[in-house]
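Per-entry structural report
Here are the chains, one letter per residue:
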Amino acid sequence: MSISAGLAVTALAAPFTLQDGTGARWSLSSALGRERILIVRDPSAAYLEHIRAQDKELQVRDLRVIALLPPGDARLNGPRTLMLTVLADPDGKVSAHYGPAALIGKDLGIKARYTTPPDLNTVNALIDTMPMRQQERRVRGR
């Protein structure tokens, strides 16, 4: 996996609205500024299962994972968890904008881009270096 990461904001997140497997609309704007966002294009079923198993860890870091899949993909209807949002990207424009994977900070800046879906330990390590996360740890104690 190749990573391009830096705490300096180089670009801001571009809002989008897509549908989940049930047809419900979900907008990135609903999470921007409140949560960190990891956008992942076409992750494997095994990757999604791993993300689901890490839901409590994702909650601790306010990290929402958004999986972008082709319309009609069976993975759109998989088990739901609080911090995993699975969406259909019908024309691939959102996936093209964010690439294989991108991490968005609470300040709306794109903090890292990945060439493959990143391991959560790698993402968590980067998040833990962010000043806002360090402040949260002091306040929340976790």
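Up top you'll find the structure we're talking about.
Residues numbered from 1 in each chain as written. Predicted model: local features only at pLDDT ≥ 70, side-chain atom pairs only at ≥ 80, totals over all residues. Heavy atoms only, no water.

Regarding the nonpolar core
- Ranked by size, the top nonpolar core spans 24 residues in total, and within it Leu38, Leu63, Leu103 and Tyr114 carry the most contacts.
- Put simply, the parts of the chain that give this core at least two residues each are β4 (36-41), α1 (45-53), β5 (63-69), β6 (84-88), β7 (101-104), β8 (110-114) and α4 (120-128).
- Once you skip the residues sitting within four places of it in the chain, Leu38 turns out to touch Tyr47, Leu63, Arg64, Val65, Ile66, Ala102, Leu103, Tyr114, Pro118, Leu120 and Val123.
- Membership of the second largest hydrophobic core comes to 17 residues, among which are Ile37, Leu68, Val94 and Ile104. (Core = buried A, V, L, I, M, F, W, Y, C linked by side-chain atoms within 4.5 Å. Buried < 20%, exposed > 50% of the residue type's maximum accessible area, 1.4 Å probe, protein only. Helix = DSSP H or I, 4+ residues; strand = E, 2+ residues; numbered from the N terminus. Contact = heavy atoms within 4.5 Å.)

Description of the pairing of β5
- Counting buried positions over the seven residues of β5 gives seven, a clear majority of the element.
- The alternating pattern of β5 places Leu63, Val65, Ala67 and Leu69 and Arg64, Ile66 and Leu68 on opposite faces, both of which are buried.
- Pairing geometry for β4 and β5, over six bridges, is parallel. By the bridge assignment for β5, Ile37 is matched with Arg64.
- The pairing of β5 with β6 spans five bridges and is parallel. Bridge pairing in β6 places Ile66 opposite Thr85. (Pairing = 2+ DSSP bridges.)

Quick notes on the side chain of Thr85
- Relative to the elements of secondary structure, Thr85 occurs in strand β6.
- When its relative accessible area of 10% is taken as the criterion, Thr85 is described as buried.
- Each residue touching Thr85, except ones within four places of it in the same chain, is listed here: Trp26, Arg64, Val65, Ile66 and Ala67.

A closer look at the side chain of Asn124
- Within the fold, Asn124 resides in helix α4.
- For Asn124, a relative accessible area of 8% corresponds to the buried category.
- Once residues within four sequence positions are removed from consideration, Asn124 is found in contact with Glu57, Arg61 and Leu63.

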